[in-house]
Amino acid sequence: MEGGLDIFQILLESGLVVKFVLLVLIACSVLSWAIIFQKRKFLNFVQENNQKFLDLFSTSTNLESIHEQTSEVKDSSMALMFKCGFNEYIKIKEKLSEAGKAEELSHYISEHGMSAIERSLKKGAGHAQGHMDHRLSTLASIGSITPFIGLFGTVWGIIDSFAGLASGGGSIEAVAPGIAEALVATAVGLAAAIPAVWGYNIFNAKLSEMTTQMESFGQDFLNLLERSILIEKD
């Protein structure tokens, strides 16, 4: 529109500080979208593998058979928990066997409980969650700091504009480009922050749901293990 402000022209003619702020915000926005797409793909893949593992787990009562097939769903967080718990169970059996007490597994469990196996399950869950949480903190940081980076660019641009006005620039027409340039920095900051915050909240909710499912699986594993020990005893 004639007499209007050409935003792109204003940005090209903006000061070095505002240009630097805009470059930082664009880089943050690109990074946040890359994390969002990568994290969405990864979590969907983990969920698919968890479902495959649960199907395997629910159709088998033999721990050794399940363990042999975990390699087919190695990216499943539940499969990782199972392997950690099962390996600890095997270590306990081996130690009892070395002590000549292979037949006393059920007595050992009755006396000492399953705390060692539970700790192994938690270790596996923690390791899996570390992979699933990876780079979420970066997404949260982008959502938190980019509005302030944009605000910094805005404040700097307005200071620049009023400095020019104070030196005798005179009219609103002289100040308007600087103010427009400054406000663009805030807009770009918000454009970078909103998807990052949205993505973080979506993934955080999904991770909470997956954590609950993993905790439930841990209890199911302990129940199956206890039944297997009772069967061996009989």
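Residues numbered from 1 in each chain as written. Predicted model: local features only at pLDDT ≥ 70, side-chain atom pairs only at ≥ 80, totals over all residues. Heavy atoms only, no water.

### Quick look at the side chain of Ser76
Mapped onto the fold, Ser76 is located in the loop between helix H3 (63–69) and helix H4 (77–98). Other than its neighbours up to four places away in sequence, Ser76 contacts Asn49, Asn50 and Phe53. (Helix = DSSP H or I, 4+ residues; strand = E, 2+ residues; numbered from the N terminus. Contact = heavy atoms within 4.5 Å.)

### Remarks on H4
Because an α-helix packs 3.6 residues into every turn, residues spaced three or four apart end up facing the same way. A rise of 1.5 Å per residue sets the reference length of H4, with its 22 residues, at 32 Å; its end C-alpha atoms lie 32 Å apart and thus fit the reference within 8%. Among all positions in H4, only Ser77, Met78, Ala79, Met81, Phe82, Gly85, Phe86, Tyr89, Ile92 and Leu96 are buried. The N-capping residue of H4, defined by a side-chain oxygen 3.3 Å from the backbone nitrogen of Met78, is Ser76. Looking one or two places after H4, you find Gly100, whose phi comes out positive at around 75°. (Expected span 1.5 Å × (residues − 1). Buried < 20%, exposed > 50% of the residue type's maximum accessible area, 1.4 Å probe, protein only. Polar contact = N/O pair within 3.5 Å; in protein donor to acceptor, adjacent residues only side chain to side chain.)

### Thoughts on the nonpolar core
If you look at the biggest cluster of nonpolar residues, it comprises 42 residues, and the most contacted ones within it are Phe53, Phe82 and Phe221. For this core, the elements supplying multiple residues, two or more each, are helix H2 (16–58), H3, H4, helix H5 (105–112), helix H6 (115–133), helix H7 (136–169) and helix H8 (172–233). Sorting elements by how many residues they give to this core places H8 first, with 11 residues. Beyond its immediate chain neighbours, meaning those up to four positions away, Phe53 contacts Ile66, Thr70, Val73, Ser76, Met78, Ala79, Phe82 and Phe217. (Core = buried A, V, L, I, M, F, W, Y, C linked by side-chain atoms within 4.5 Å.)

### Some words on the confidence of the model for the protein chain
Across the protein chain, pLDDT averages 84, with 85% of residues at or above 70. Per-residue pLDDT, averaged within each element of the protein chain, yields its smallest value for helix H1 (residues 7–12) (66) and its largest for H2 (92). (pLDDT = per-residue confidence, 0-100.)

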